[in-house]
Amino acid sequence: MTPTIMRQLWSVVETAQAKLLLQLDDASLVQWLVKQTETQVLLDSNEADYLCHYIQSRLALIRDIAHERQCS
């Protein structure tokens, strides 16, 4: 995954409404984040697959970030 894709993903996480990130189930959250990232960065199928796996491995962190933003 390129640094551009990674930066865009985390930008999406930071700008998304915390409530949305917390209420989606895991599969829906992964797909939503991939879709939002794809609106900014063109992904080939390998990059999209890798991004899905990367997001799945970071779901707890993403939800922690959202929870922290919601509480503050």
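Since this is a predicted model, take the numbers as computed values, not measurements.

Glancing now at the packing of helix 1 (residues 3-15) against helix 5 (residues 59-71). Helix packing for two helices is described by the angle between their axes and how far apart those axes are. Helix 5 packs onto helix 1 with a crossing angle of 35° between their chain directions and a minimal axis gap of 10 Å. Crossing hand, helix 1 versus helix 5: right-handed. Within the contact between the two elements, helix 1 uses Trp10, Val13, Glu14 and Thr15 and helix 5 uses Leu61, Ile62, Ile65 and Arg69. Taken together, the residues of the contact of helix 1 with helix 5 sort by class into 5 nonpolar, 1 polar and 2 charged.

The next point concerns the environment of Thr37. The residue Thr37 is located in helix 3 (residues 26-38) in this model. For the pair Thr37 and Val12, spaced 25 residues apart in the sequence, the C-alpha separation amounts to 6.8 Å. Apart from residues no more than four positions distant in its own chain, Thr37 is found in contact with Ile5, Gln8, Leu9, Val12 and Leu51.

A few words now on the nonpolar core. As a rule of thumb, nonpolar side chains are buried together in soluble globular proteins. If you look at the biggest cluster of nonpolar residues, it comprises 22 residues, and the most contacted ones within it are Leu9, Val13, Leu21, Leu33, Leu51, Ile55 and Ile62. For this core, the elements supplying multiple residues, two or more each, are helix 1, helix 2 (18-23), helix 3, helix 4 (45-57) and helix 5. Leave out the neighbours within four places in its chain, and Leu33 touches Leu9, Val12, Val13, Leu21, Ile55 and Ile62.

Glancing now at helix 4. Think of an α-helix as 3.6 residues a turn; residues three or four steps apart then line up on the same face. Between its first and last C-alpha atoms helix 4 spans 19 Å; for 13 residues at 1.5 Å apiece the expected length is 18 Å, and the two agree. Along helix 4, the residues that are buried comprise Ala48, Leu51, Cys52, Tyr54 and Ile55. Buried residues of helix 4 fall within an arc of 165° about the axis and therefore sit on the same side. Counted as exposed and oriented over 90 degrees from the buried face of helix 4: Asn46 and His53. In this structure, the buried side of helix 4 is in contact with helix 1, helix 3 and helix 5.

Thresholds, definitions, all that
- Residues numbered from 1 in each chain as written.
- Predicted model: local features only at pLDDT ≥ 70, side-chain atom pairs only at ≥ 80, totals over all residues.
- Heavy atoms only, no water.
- Axes fitted to C-alpha atoms, helices over the stretch in contact; angles between N-to-C directions.
- Helix = DSSP H or I, 4+ residues; strand = E, 2+ residues; numbered from the N terminus.
- Left-handed = near helix turned anticlockwise from the far one by under 90°.
- Contact = heavy atoms within 4.5 Å.
- Nonpolar A, V, L, I, M, F, W, Y, C, P; charged D, E, K, R; others polar.
- Core = buried A, V, L, I, M, F, W, Y, C linked by side-chain atoms within 4.5 Å.
- Buried < 20%, exposed > 50% of the residue type's maximum accessible area, 1.4 Å probe, protein only.
- Expected span 1.5 Å × (residues − 1).
- Arc of directions from axis to C-beta.

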